[in-house]
Amino acid sequence: MLSKTAIKELEEIRQKYPNASAALLPALYIAQREFGYLGADAYEAVSDALGIPKAIARGVGTFYTMYKHKPMGRHIVQLCTNVSCMILGAEKLADFLKNKYGLEPGGTTPDKRFSLVIMECIGACGTAPAMLVNDDFYENLTEKYIGEILERYK
Amino acid sequence: MEKILLKNIENPNSADINEYKKIGGYRSIPKAFENKPQEITEIVKKAGLRGRGGAGFPVAMKWSFACADAKFPKYLLCNADEGEPGTFKDRLILEKNPHLLIEGMVISGYAIGAEYGYIYLRGEYPGAYHILNRAIAQAYENNLLGDNILGKGIKFQLAVHRGAGAYICGEETALIESLEGDKGQPRIKPPFPVNVGAFAKPTVINNVETLSNIPYIVEIGGGAYSKIGSPDCPGPKLYCVSGHVEKPGVYELPMGTLLRDIIYKHCGGIKEGKNLKAVCPGGITTPVLPADKIDCPMDFVNMPKHGSMLGSGAVIVMDETVCLVKVCHRALKFLEHESCGKCTPCREGTGWLRKILERIENGAGAEGDIELLLSVSGNMLGKTFCPLGDGAASVVQNFIKHFRNEFEEHIKRAKCVMRDA
Ligand SMILES: Cc1cc2nc3c(=O)[nH]c(=O)nc-3n(C[C@H](O)[C@H](O)[C@H](O)COP(=O)(O)O)c2cc1C
Ligand code: SF4
Ligand code: FES
């Protein structure tokens, strides 16, 4: 079940579209926020709220990389390794995250503090290498700078 | 050149409606409403504006197709999916100048008779999502969006639709699928979106930068606008430069600026005095150019004559230390990941190409692998459902065309020849 506030939020979003199906992507975001990731409960809640079959909701949810299908750490480190970032050293930064924090691509630290997701281009190529931590952009990264940034996320 | 799209962005409050109004913003809407909708399309036609999303399609032509279809309501979609690696220009408009885009959309909606608009924003831009929503709310408060804009009886409702991480959703029919709440897989064309688009209604899809040109065109007129930049392809252009240049960033320059001038004059040349090796001029899926082929005017008409494409105007600059087999491999890894899986040549081909490139880069390439790459990519070209698959094949073909030697050396010496260089 979605919370009351989530259902209200979804009803408002639903009004922006001519039909309920179009509200599926926003609904999945809301469910992800409520449940932490999209598992069976989350899909059931979305399906109930919008009247969309679970199989359809799941088919759509699994198509997009920003919907998570397993529990994630408290903070999601999203490091870009696409070409502009790669040629300016992004792979070394991925190695650094692995060596210093034990963070493997797709993995989560045992204390559930961080998860690492390797990203395709995040639109910060002019200030590469770049990453997002949760919703915040960090650019012109170095190992030292990443160390400082991650200290801010407990 | 006077800044048009990036006007006022040094102002830390540039995204606020009052700051935008202070520099003359939102004056083009009342001016546009003095004209009939068809007259706006005429002005845009005279301006010669081409779409900035990658294909360079004439904007007025697309608009008139949608106008000619009698079905209602019509939709105007802004493509803010900005997924082509190397591209970061739309983000700048979205975060710093959102009202310019909104103004452009109100006028464009009026021109085509669309009462509903959506901005399809990539999921990876959470900052822009909040900024846009705030800007839209301000525009509603100022009666610049709604059912009776400026009391003139004109309706335009605008909302942001957030994507969720899929490059293919930048392709216009996949974007529509995704807006409708489905997987982002391209649709067969025809019917084209101008006839059967969002919710089966006539739909115009334009890029963020394209729509952001509209207020200025209305302000100065089509004739004056058409004198900026290349004659066949006028206007200001946002070039996003990344990689090994001294001053990377987004540059607003006249369309048709020479690639060499962008790199050496505007961006201060190659970092640390090194030599240029290669450039992808319009994002990683546009054909790579070697260092001696950069005297080309960066516009939609001239780039194909010089062996590449303008694409999204994303100039990725690579110096002499870069391994191009590795870059090619990274590009294919991306395209394999982003292939939507709908058609076999792309779904399977991108993976095969990536695997062959991976073994070459890792020193395990076999004799004949280059021929194999050419054969697999040759079998994809022209046989894929949408341009993503074609793009993947062309990436491989162009890297080999210009840098075959580097691929051969990798195979012959059974290692990455750049790593110890
Ligand atoms: C694989 C693929 C990805 C695309 N990605 C984008 C994109 O991120 N942004 C964009 O504006 N156009 C993108 N396009 C082009 C759109 O399909 C469409 O041509 C464009 O949005 C039309 O707007 P315009 O005429 O203003 O350029 C992409 C096309 C393809 C084939
Ligand atoms: S070419 Fe690739 S992305 Fe395009 S429809 Fe086919 S599988 Fe999907
Ligand atoms: S390539 Fe990393 S942000 Fe664009």
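Residues numbered from 1 in each chain as written. Chains lettered and ligands numbered in written order. Predicted model: local features only at pLDDT ≥ 70, side-chain atom pairs only at ≥ 80, totals over all residues. Heavy atoms only, no water.

Undergrad: Go over the overall build of chain A, please, and point to the residues and values.
TA: Within chain A, the secondary structure is distributed over seven helices and four strands. Listing the helices and strands of chain A from first to last along the sequence gives α-α-α-α-β-α-α-β-β-β-α. Along the first, second and third principal axes, the C-alpha set of chain A runs to 50 × 35 × 25 Å. Here chain A holds 154 residues, and the buried ones make up 54% of them. Of all intrachain contacts in chain A linking residues separated by at least 6 positions in sequence, the fraction that spans at least 24 positions is 57%. Surface exposure of chain A reaches about 7100 Å², of which carbon and sulfur atoms provide 53%. (Helix = DSSP H or I, 4+ residues; strand = E, 2+ residues; numbered from the N terminus. Buried < 20%, exposed > 50% of the residue type's maximum accessible area, 1.4 Å probe, protein only. Contact = heavy atoms within 4.5 Å. Areas by Shrake-Rupley, 256 points an atom, 1.4 Å probe, with all protein chains shown as cover.)

Undergrad: How would you summarise the site of ligand 1 if you had to cite specific residues and measurements?
TA: Residue and element names in this part refer to chain B. Of all residues adjacent to ligand 1, which total 18 residues, the nearest are Gly53, Asn79, Asn206, Asn207 and Thr210. Here Asn206 contributes a side-chain N or O atom positioned 2.9 Å from an oxygen atom of ligand 1. For ligand 1, whose free accessible area comes to 610 Å², the fraction covered by protein is 89%. Secondary structure elements with two or more residues in the shell around ligand 1: strand S5 (203–207) and helix H16 (387–412). The element best represented in the shell around ligand 1 is S5, accounting for three residues. When its residues are assigned to classes, the shell around ligand 1 shows four nonpolar, eight polar and six charged. (Near = heavy atom within 4 Å. Polar contact = N/O pair within 3.5 Å; in protein donor to acceptor, adjacent residues only side chain to side chain. Nonpolar A, V, L, I, M, F, W, Y, C, P; charged D, E, K, R; others polar.)

Undergrad: Provide a residue-level description of the nonpolar core, including the pertinent values.
TA: The biggest cluster of nonpolar side chains holds 87 residues, and the ones touching the most others in it are A:Tyr64, B:Leu77, B:Val327, B:Leu373, B:Phe399 and B:Phe407. It is H16(B) that contributes the most residues to this core, 10 residues altogether. Excluding its chain neighbours within four sequence positions, the residues that come into contact with B:Phe407 are B:Val325, B:Cys328, B:Leu357, B:Ile360, B:Ile370, B:Leu373, B:Phe399 and B:Ile400. In terms of nonpolar packing, the next biggest core, distinct from the first, is built from 77 residues, A:Cys125, A:Ala130, B:Ile4 and B:Cys240 among them. (Core = buried A, V, L, I, M, F, W, Y, C linked by side-chain atoms within 4.5 Å.)

Undergrad: Report on unusual backbone geometry, specifying residues and quantitative values.
TA: Omega for the bond connecting B:Phe72 with B:Pro73 falls within 30 degrees of zero, at -10°, which places this linkage in the cis form. Structurally, B:Pro73 is set in the loop between helix H4 (59–68) and strand S1 (74–80). The amide bond that connects B:Lys189 to the next residue, B:Pro190, takes the cis arrangement and shows omega of -10°. Positionally, B:Pro190 belongs in the loop between helix H8 (172–179) and S5. Phi is positive for A:Asn134, close to 50°, though the residue is something other than glycine. Among the structural elements, A:Asn134 can be located in the loop between strand S3 (131–133) and strand S4 (136–138). Look at B:Tyr26: it is not a glycine, yet its phi comes out positive at around 65°. On the basis of relative accessibility, which here comes to 5%, the residue B:Tyr26 falls in the buried class.

Undergrad: Summarise the site of ligand 2; cite the residues concerned and give the values.
TA: Taken together, 13 residues lie around ligand 2, and B:Cys340, B:Lys342, B:Cys343, B:Cys346 and B:Cys386 are the ones closest in. Classifying every residue of the shell around ligand 2 by side-chain character gives eight nonpolar, four polar and one charged.

Undergrad: A description of the sheet that holds strand S2 (residues 114–119) of chain A should follow, citing residues and the corresponding values.
TA: Residue and element names in this part refer to chain A. Across the sheet, four strands lie side by side as S2-S1-S3-S4; this open sheet has mixed pairing. This sheet does not close on itself; its edge strands, each paired only once, are S2 and S4. Neighbouring strand axes in the sheet, compared pairwise and without regard to direction, differ in orientation by 20° on average. The pairing of strand S1 (residues 75–80) with S2 spans six bridges and is parallel. Residue pairing across strands places Gln78 opposite Val117, the latter belonging to S2. (Pairing = 2+ DSSP bridges. Axes fitted to C-alpha atoms, helices over the stretch in contact; angles between N-to-C directions.)

Undergrad: Lay out the side chain of B:Ser108 with the relevant residues and their values.
TA: With respect to the element layout, B:Ser108 can be found in helix H6 (residues 98–112). Not counting residues within four places of it along the chain, the set of residues in contact with B:Ser108 comprises B:Trp63, B:Leu76, B:Leu211 and B:Ile214.

Undergrad: Any details on helix H12 (residues 259–266) of chain B? Residues and values, ideally.
TA: What sets the pattern is the α-helix's 3.6 residues per turn: residues three or four places apart point alike. All names here are of chain B. Within H12, the full set of buried residues consists of Leu259, Ile262 and Ile263. End-on, the buried residues of H12 take up no more than an arc of 85°, which puts them together on one face. Buried-residue contacts for H12 involve strand S8 (236–243), strand S9 (249–254), strand S10 (276–280), strand S11 (289–290) and strand S12 (314–319). Taken from the residues just after H12, Gly268 is the one with a positive phi, measuring 75°. (Arc of directions from axis to C-beta.)

Undergrad: Go over the domain arrangement of chain A, please, and point to the residues and values.
TA: A common way to state how big an interface is: give the accessible area lost once the parts meet. According to the domain assignment, chain A contains domain 1 (4–61) and domain 2 (75–151). Here the C-alpha centre of domain 2 of chain A lies 30 Å away from the C-alpha centre of domain 1 of chain A. (Domains from an automatic or database assignment.)

Undergrad: So what about the sheet that holds S11(B)? Which residues, and what values?
TA: Residues and elements named next belong to chain B. The five strands lie next to each other as S9-S8-S12-S10-S11, forming an open sheet whose pairing is mixed. Two strands lie at the open edges of the sheet, namely S9 and S11, each paired on one side alone. Where S10 lies against S11, two bridges are found, and the strand directions are antiparallel. Along S11, the bridge assignment pairs Ala278 with Pro290.

Undergrad: Describe the pattern of salt bridges, with residues and values.
TA: With the rule as written, the count across this model stands at 34 salt bridges over all chains. Residues A:Glu139 and B:Arg91 are paired through a salt bridge, measuring 3.1 Å at the closest nitrogen-oxygen approach. One end of the pair, A:Glu139, is in the loop between S4 and helix H7 (143–151); the other, B:Arg91, is in helix H5 (residues 89–96), on a second chain. Residue classification places B:Arg91 among the buried positions, given a relative accessible area of 11%. A salt bridge links B:Asp16 to B:Arg134, with the nearest nitrogen and oxygen atoms 3.0 Å apart. Here the residue B:Asp16 occupies a position in the segment before helix H1 (17–22), and B:Arg134 occupies one in helix H7 (residues 126–141), the gap between them amounting to 118 residues. Assessed through its relative accessible area of 17%, B:Asp16 is described here as buried. Where salt bridges share partners, they join B:Arg52, B:Lys89, B:Asp90, B:Glu209 and B:Lys237 into one cluster. (Salt bridge = Lys/Arg side-chain N within 4 Å of Asp/Glu carboxyl O.)

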